[in-house]
There are 2 protein chains.
Amino acid sequence: MTIADINLKINPERFRKDFNVLSQIGADSQNGISRPAFSPAHQEARNWFRARILDAGLQFKTDEAGNQSGFLECGLNNAPTFLLGSHLDSVIHGGKYDGALGVIAGLEILRRVKETGLALPFNLEVIDFTDEEGTLVSFLGSFAFTGKLTRKQLQNPRGGKEALEVGLSKAGLTMENLLKARRDMQTIAGYLELHIEQGPLLEQNNAQIGIVDRISGIAFYRLSYLGKAEHAGTASMQNRRDAALGASAFTLAAREIILEQFPDCYSNVGYVKYQPGLFNVVPEKATLTLEFRSADKKEFRRIHTEMINKSKSIAKKFNLGIEIEFLGEREPVELNATFRKEIHNGAQLLNLKSMPITSRAGHDAQTMASFVPTGLIFIHSVKGISHSPEEFTPWEDCINGANVLLQTVLRLSNKYTDFDEKK
Amino acid sequence: MTIADINLKINPERFRKDFNVLSQIGADSQNGISRPAFSPAHQEARNWFRARILDAGLQFKTDEAGNQSGFLECGLNNAPTFLLGSHLDSVIHGGKYDGALGVIAGLEILRRVKETGLALPFNLEVIDFTDEEGTLVSFLGSFAFTGKLTRKQLQNPRGGKEALEVGLSKAGLTMENLLKARRDMQTIAGYLELHIEQGPLLEQNNAQIGIVDRISGIAFYRLSYLGKAEHAGTASMQNRRDAALGASAFTLAAREIILEQFPDCYSNVGYVKYQPGLFNVVPEKATLTLEFRSADKKEFRRIHTEMINKSKSIAKKFNLGIEIEFLGEREPVELNATFRKEIHNGAQLLNLKSMPITSRAGHDAQTMASFVPTGLIFIHSVKGISHSPEEFTPWEDCINGANVLLQTVLRLSNKYTDFDEKK
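Residues numbered from 1 in each chain as written. Chains lettered and ligands numbered in written order. Predicted model: local features only at pLDDT ≥ 70, side-chain atom pairs only at ≥ 80, totals over all residues. Heavy atoms only, no water.

Draft legend 1. Layout of the side chain of Glu291(B). Here Glu291(B) shows up in strand β9 (residues 285-294). Side chain to side chain, Glu291(B) and Arg293(B) meet in a polar contact 2.9 Å long. Not counting the four nearest positions on each side in its chain, Glu291(B) is found in contact with Ala232(A), Gly233(A), Phe279(A), Asn280(A), Ile218(B), Ala219(B), Phe220(B), Tyr266(B), Ser267(B) and Asn268(B). (Helix = DSSP H or I, 4+ residues; strand = E, 2+ residues; numbered from the N terminus. Polar contact = N/O pair within 3.5 Å; in protein donor to acceptor, adjacent residues only side chain to side chain. Contact = heavy atoms within 4.5 Å.)

Draft legend 2. The arrangement of the relation of the copies chain A and chain B in detail. You can overlay chain A on chain B at an RMSD of 0.2 Å; the transform is a turn of 179 degrees with a shift of 0.3 Å along its axis. Those values place the two copies in the arrangement expected of a two-fold rotation axis. Relative to the rotation axis, the closest C-alpha in chain A is found at Ser248(A), a distance of 2.0 Å. The fraction of interface residues of chain A whose copies in chain B are also interface residues reaches 98%, indicating that both copies meet through the same surface. (Least-squares fit on C-alpha atoms with pLDDT ≥ 70 in both.)

Draft legend 3. Layout of the interface of chain A and chain B. Between chain A and chain B, the contact holds 45 residues from the first and 44 residues from the second. Between chain A and chain B, the buried area comes to about 3,700 Å², and carbon and sulfur atoms account for 63% of it. Per-residue buried area on chain A facing chain B is highest for Met237(A), Arg255(A) and Phe279(A); these three make up 21% of the total on that side. Taken together, chain A and chain B are joined by 0 salt bridges. At the boundary of chain A with chain B, the tally comes to 8 residue pairs in polar contact (both at pLDDT 80 or more). Of all the secondary structure elements, the ones that give two or more residues to the side of chain A that touches chain B are β7 (217-226), α9 (243-261), β8 (266-275) and β9 (285-294) of chain A. Here the element with the most residues in the side of chain A that touches chain B is α9(A); it accounts for 9 residues. A class-by-class count of the residues in the side of chain A that touches chain B yields 26 nonpolar, 13 polar and 6 charged. (Buried area = accessible area lost by both parts, 1.4 Å probe. Salt bridge = Lys/Arg side-chain N within 4 Å of Asp/Glu carboxyl O. Nonpolar A, V, L, I, M, F, W, Y, C, P; charged D, E, K, R; others polar.)

Draft legend 4. Quick peek at the pairing of strand β13 (residues 374-379) of chain A. Residue and element names in this part refer to chain A. Summarising burial for β13: 6 of the 6 residues are buried, a large majority. Burial along β13 is two-sided: Thr-374, Leu-376 and Phe-378 facing one way and Gly-375, Ile-377 and Ile-379 facing the other are all buried. Sheet topology note: the strand β5 (residues 188-196)/β13 ladder contains 6 bridges and is parallel. Looking across to β13, one finds that Leu-192 is bridged to Gly-375. The sheet contact formed by strand β6 (residues 209-215) and β13 spans 3 bridges and is antiparallel. Bridge assignment links Ile-211 to a residue of β13, and that residue is Ile-377. (Buried < 20%, exposed > 50% of the residue type's maximum accessible area, 1.4 Å probe, protein only. Pairing = 2+ DSSP bridges.)

Draft legend 5. Fine view of the pattern of salt bridges. Residues and elements named next belong to chain B. Taken as a whole, this structure holds 29 salt bridges over all chains when the rule is applied. Its salt-bridge partner being Arg-111, residue Glu-108 comes within 2.9 Å of it at the nearest N-O pair. Linking Glu-108 with Arg-111, this pair stays in helix α3 (residues 100-116), spanning 3 residues, or about one helical turn. In this structure, Glu-108 and Arg-111 share a single accessibility class: buried. One salt bridge connects Arg-301 with Glu-331, and the closest N-O pair in it is separated by 2.7 Å.

Draft legend 6. Region of interest: the packing of aromatic side chains. Enumeration according to the criterion identifies 26 aromatic pairs over all chains in this entry. The residue whose ring lies beneath Arg50(B) is Phe60(B), and the NZ or CZ to ring-centre distance is 4.9 Å. (Phe/Tyr/Trp six-rings, centres within 6.5 Å; stacked < 30°, edge-to-face > 60°. Lys NZ or Arg CZ within 6 Å of the ring centre and 35° of its normal.)

Draft legend 7. Focus on the sheet that holds β9(A). Residues and elements named next belong to chain A. Taken together, 4 strands build an open sheet; the order of strands is β8-β9-β7-β10 and the sheet is antiparallel. Looking at the sheet topology across the chains shown, the edges are occupied by β8 and β10 (321-330). On average, each strand axis in the sheet is tilted by 15 degrees relative to the strand beside it, whichever way the strands run. With 8 bridges connecting them, β8 and β9 associate as antiparallel partners. Bridged to Gln-275 within β9 is Lys-285. Its contacts with the sheet place helix α10 (residues 297-317) against β7, β8, β9 and β10, and it is angled at close to 165 degrees to β10. (Axes fitted to C-alpha atoms, helices over the stretch in contact; angles between N-to-C directions.)

Draft legend 8. Spatial organisation of the side chain of Asp364(A). All names here are of chain A. Relative to the helices and strands, Asp-364 is located in helix α12 (residues 364-369). Of the side chains bearing the opposite charge, Arg-330 lies closest to the buried Asp-364, which forms no salt bridge; the N-O distance is 8.4 Å. Within the local environment of Asp-364, its side chain forms a polar contact with the side chain of Ser-142, the two groups lying 2.9 Å apart. Setting aside residues up to four positions removed in sequence, Asp-364 forms contacts with Ser-86, His-87, Phe-129, Glu-132, Phe-139, Ser-142, Tyr-191 and Glu-193. (Lys, Arg positive; Asp, Glu negative; His and termini not counted.)

Following this line, the structure appears as structure tokens:
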């Protein structure tokens, strides 16, 4: 009898109890969850997770980036570690399922394997990655864990340097030590994450399990057009150098580039600011943010080029200067084929309808996929709503997702020597 | 001998002494002047002005809008009043000349007429209009004085309602009483203002005296395009309702309207804000400010129509809603022809080169011109710089301006029965 033959399932009552307790931590009065990284609510959730790990008789691990893990040794010498996980942090006024579900499903699987006494060819570890939502630094935990985090990124963190330092110190961490959180990727057999879809495809296709094949790449820019501040009632309309014209023309052009050349891709200009920002002064500076997404590596690179070229030609047209700040990117990734196959087989065994899905949102799995064989399992989010108190997944789907996660671990453990090579 | 034949001139030493003392009130360390309405520095300037009026043996008057005047009776029964003036308030970190010069030139003329014992056919009054710069309410003083101020305007004042209430209370004034400041316009014979040009035309034409023929009208709008906030990585590029597209298209279109249809006019989109204003959320609301200016009444009305129509057609094109807030306007005005002629004659008598100028900036004279015969005299501003510590006018030009102001009053007093009809 191979391991995967046994019809092992999670303990749904224990799983649900954990979920219900966790859903109270950081709950606000309008049914939302607010657990931004290192907030008091997030710290409480982290402490609760640590207690659950210890209660389950698992080893507790933590690192210099605040990632917390439960660890179950397989007993073999120099065995690699198979990682399950997601994140306990949330956006402000978000939902109960995003991230949290994947962490407690992983915890439940470690407990179930431990109490069943299953002998796996790898250690199991369930990890809560720090700040997936990017309150302080996008994907801080998984970036630090994989060694993708750079000193340069920490110079201009998304939430500001002071907020990062204050947040880290609350958790007893420091900026200097963050880069030491890097784990040796040779010791990681693979990474598997369960997450809600945050999109409508499973619902529209009446399917229960999404097998993520690719995760879109995403790039971030800040563009500033530079003109000259003048009195709006006296400076010649023909000759004034109005930075607002550059920002406006680019905002329209970015959309045209995507619609005409990259119909499967997405872009957004979500923020703009004019300086000095007064009724009667020609804007001397107009700053906008640009993000774009593609699941195809070649298209992703071509969008970079098209956007930059267009931003410059618009500056020229309106006699403006331009500052282009590249704020970072995550490359599009393809997820491991063996993992995808075994997620499919696991779902089939459980009589669940599955379908491939391309993820447009970022996940810790995206970071991991550049380093180790990685899989990502989606379950239904009602109406695709996420980052909102209305985020909802029927409990049956949560149990199904956790069981597919377990099945996939068991199936992969059977063919452990294979999937590493097929990455 | 008619009055205008006498070669009366102002007392330049007394005029300069006043200017120098006033230039210290609200002076900051970088040579700028900060006397926003009802600030401590503005109050100090107002107290100083009151003391100068009383020292000169003039009557002191004030009203419910905080306008302060020096008054010189002519001794005739039921004589009308000829008004001189400008404003003592300034923008933050502005210059010494804007407004202040016109007030002290008017004061000097009242003193000179009084000490000479000249018998004029009208009373003379020098007025400091409250808040010309619009820290609290644009043209608060002259609007209240002429009865142009409305309750509606006070509901949403430019600087916020609380700031207005606090400012008024510092000067012992109240919102409720503001509308009582209205003076009977039948009692005002005319209004004459001396001001720096705040533009480069006199300098470019090597002229000393600008005879303002028209003052541009200006209109203010706030436009908000209304779309739908969605996840920028999943909402269809074709179908999303992106408010930023409306704001961007309108910003470009407003300029095209002016360039193509109204080449003598001006417009500006100086401020914009997207909500929620995040990298990864499609903007659901994009708010921009629009102002435009024209010195021609018909064109001014046509611009209103063109801008509104264009803003609506853009909303339709991008499947957006639109909110149009009209925030107010000042109509273009033409200044009194008799006043213009006598400014010209006065300048000629003093051997000064004069030229007609259309004012693109607003002045209290603009408010007054809708109600009484009005004239506006410009003197040189070096390089046209204003609202800046670099604002500068050679002292000789200030004296020339004050003497032309005096000459014009004397000349108009000779033909008092005429100019009222020619308005």
